[in-house]
Every structure is written in C-alpha cells, then in structure tokens.
Amino acid sequence: MKTLIERLVKSGNAYVADDNVLFNVPSMPDYGKLSAAARRDDSGRPCRGRALQERPAGFRAVEAFESGRAGLAVTRRIKGQGRPGWHIECSAMAWKHLGETFDIHGGGIDLVFPHHENEIAQSRCAFHTGVMANYWMHNGFLQVEGEKMSKSVGNFVTIHELLKDWPGEVVRLTMLQTQYRQPINWTVTGLREAQKVLDHWYELTADVAPGLMCADTLDALTDDLNTPKAFASLYELPLKQLKAPNRPRLA
C-alpha cells in the first residue's frame, strides 16, 4: 500500500489534504468507464453508479488518523498514522497476488461503483497500464423467496446449510439456471424443479457415452456464460443424438 500511495502522489494522480491522501479523479480522463459500461448493459437492473460527480475532486486512498482508532504509518506524506482506504487495500492485494494486470476480476454488481472503479483508477495510474483486469464479471443480487437475503430479515442461508438437505448438483443447477449477471431468486420450489430436471437428465443419459457436446450448448457458454441458454439446448440434446449419431466428440 505504501508503494502504491507514493507512486500515485509522485505522478500527480493523488494529493495530500488535511492529512488525507486523495486520488485526483480529474487526472484520469476515462475515470468512470467501467460503471458507464455496466449501466449500458443493465437490462432493467437499478443503476449502481450514484453520479460519478459524487466526489468530483477525489476519493480517499488514506484517511486521516483519529485518536482512539487503529492506524498505520501508511505514507511519509502525512504526519503520524493514517487508515488505508478500502480501495487501496484491494489494489495492493491484487498487485501482490496477481500482478500489475491480470485476466479476470469478479464481484457483486453493487461493487462496480465506486469500489471497482476506484480500484481500476489506482492500479492503472500506479503502473501506467491500459487495464487493471482484462475481463470484469459482476454477479446479480441474490433474493430468497422474493426478498433480498439479509441477516436482519432472518432469511440468510449458507451453502453449508443447503448441502445438509440438497445434493450439491441440485444447488449448482439452481444457481446456473439464472445468467450470473442477473438477480437470482432462491426458492425451495426452484430447488425441487432442479432436482426433477437432474433426475430426468440422468435417465436420458444413462446409456450415453461421455464426451458428447452439443454445439449450441458450447456457443451459449462462450456468450458471457449464458447458462440458461446452454441448458435450453441440452433439453434438445437426446433428439439431436438420434438425428446425428455421428456428431463429432470433443477430446
């Protein structure tokens, strides 16, 4: 974190104000590109990006230390100790474990702005790279029986608890029947339906040799992991097998 902060201040991408270190947003001309793209792809989901001008001057890379709160000597550019910002922590961890640039960065749709936008800004400006990650994958919100899952509501459930009552493949199929960018409505009815589908598939494929891949299924998976479309093609797979018994197999 210290190295990143020093680099950002030295390059003019961050500045010191009242013992805070703030990222200088105007120093990055294309700041906001990720969240703007996410809004264009929204398809009815609520916009996460509270206006990008919410903090027109900058966001904190280091917060001024307050008496009685934990602090670190995160940079020599402020007096005493400070508290590293959430965004700079993640930029530092990504750099340490994945490098200056890496392939895939994931997270919830609610992290697009400001968190991931700020991660990108810090990392790109610190290393002078065109991207932080080559691909960004954001999953939709999770609901339980039509309500947002929350401990305060009392509808919070863990995978460990689910696996006590349901096989793992049922849990996975239930989740994958919704494209990962879209909200998932987790219901007991959905689990039961997934169990019926799996039982049906097991029956249909009992005598099928492994390795057969439907081209439509593969096309759907390469289209931003469109799992609902992939499963739709699987429903037709037995018929296609009968019509095209010599379909090539994947290695």
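Residues numbered from 1 in each chain as written. Predicted model: local features only at pLDDT ≥ 70, side-chain atom pairs only at ≥ 80, totals over all residues. Heavy atoms only, no water.

Asks: Explain the overall build of the protein residue by residue, including any values.
Replies: Within the protein, the regular secondary structure consists of ten helices and nine strands. Split into buried and exposed, the 251 residues of the protein put 38% on the buried side. Long-range contacts, defined as pairs at least 24 residues apart, comprise 69% of the intrachain contacts of the protein with a sequence gap of at least 6. (Helix = DSSP H or I, 4+ residues; strand = E, 2+ residues; numbered from the N terminus. Buried < 20%, exposed > 50% of the residue type's maximum accessible area, 1.4 Å probe, protein only. Contact = heavy atoms within 4.5 Å.)

Asks: So, the pairing of strand 5 (residues 102–108): which residues are in play, and what are the values?
Replies: Pairing between strand 5 and strand 6 (residues 133–139): six bridges, direction parallel. Paired with G106 across the two strands is M137, which belongs to strand 6. (Pairing = 2+ DSSP bridges.)

Asks: Help me get a handle on the side chain of E119, residues and values and all.
Replies: Here E119 shows up in helix 4 (residues 112–127). Buried charge without a salt bridge: E119, with R124 as the nearest opposite-charge side chain at an N-O distance of 13 Å. A polar contact of 3.3 Å, which involves the side chain of E119, links it to the side chain of H105. With residues near it in sequence (within four places) discarded, E119 still touches H87, C90, S91, H105 and M132. (Lys, Arg positive; Asp, Glu negative; His and termini not counted. Salt bridge = Lys/Arg side-chain N within 4 Å of Asp/Glu carboxyl O. Polar contact = N/O pair within 3.5 Å; in protein donor to acceptor, adjacent residues only side chain to side chain.)

Asks: Give me the sheet that holds strand 7 (residues 142–144): which residues, what numbers.
Replies: The three strands lie next to each other as 8-7-9, forming an open sheet whose pairing is mixed. Of all strands in the sheet, those bounded by a partner on one side alone are strand 8 (147–148) and strand 9 (184–186). Pairing analysis gives two bridges linking strand 7 to strand 8, with the strands arranged antiparallel. Each residue of the ladder has a partner; that of Q143, found in strand 8, is K148.

Asks: Tell me what's going on with the pattern of salt bridges, and back it up with residues and numbers.
Replies: The tally for this structure, following the rule as stated, stands at three salt bridges. The partner of D224 in a salt bridge is R181, with the nearest N and O atoms 2.8 Å apart. With D224 in the loop between helix 8 (215–221) and helix 9 (227–234) and R181 in the loop between helix 6 (168–176) and strand 9, this pair connects stretches of sequence that are 43 residues apart. Classification of R181 as partly exposed rests on a relative accessible area of 22%. Between K196 and E193 there is a salt bridge whose closest N-O contact spans 3.8 Å. Taken together, the residues K196 and E193, both in helix 7 (residues 188–204) and three residues apart, mark about one turn of the helix.

Asks: Tell me what's going on with the environment of R83, and back it up with residues and numbers.
Replies: Note that R83 resides in strand 4 (residues 82–84). The spatial distance from the C-alpha of R83 to the C-alpha of R60 is 9.7 Å, given a sequence separation of 23 residues.

Asks: Could you give an account of the confidence of the model for the protein, naming the residues involved and the relevant values?
Replies: With 77% of its residues at a pLDDT of 70 or more, the protein has an overall mean of 80. When the elements of the protein are averaged for pLDDT, helix 10 (residues 237–243) gives the smallest value, 49, and helix 6 the largest, 96. Throughout residues 42–56 the model reports pLDDT below 50, and contacts reaching past four residues in sequence, or to other chains, amount to 25 contacts. Residue range residues 65–69 is modelled with pLDDT below 50. Its contacts to residues more than four positions away, or to other chains, number six contacts. (pLDDT = per-residue confidence, 0-100.)

Asks: If you had to explain the side chain of T187 to someone new, which residues and values would you point to?
Replies: For T187, the position within the fold is in the loop between strand 9 and helix 7. Taking relative accessible area as the criterion, T187 reaches 15% and is therefore assigned buried. Here the side chain of T187 touches G190 through a polar contact of 2.9 Å, landing on its backbone nitrogen.

Asks: Pulling in residues and values, what's your account of helix 9?
Replies: Taken together, the buried positions of helix 9 are T227, A230, F231 and S233. Along the axis of helix 9, the buried residues cluster in a sector spanning 155°; they form a single face. The opening residue of helix 9 is N226, an N-cap whose side-chain oxygen sits 3.2 Å from the backbone nitrogen of K229. (Arc of directions from axis to C-beta.)

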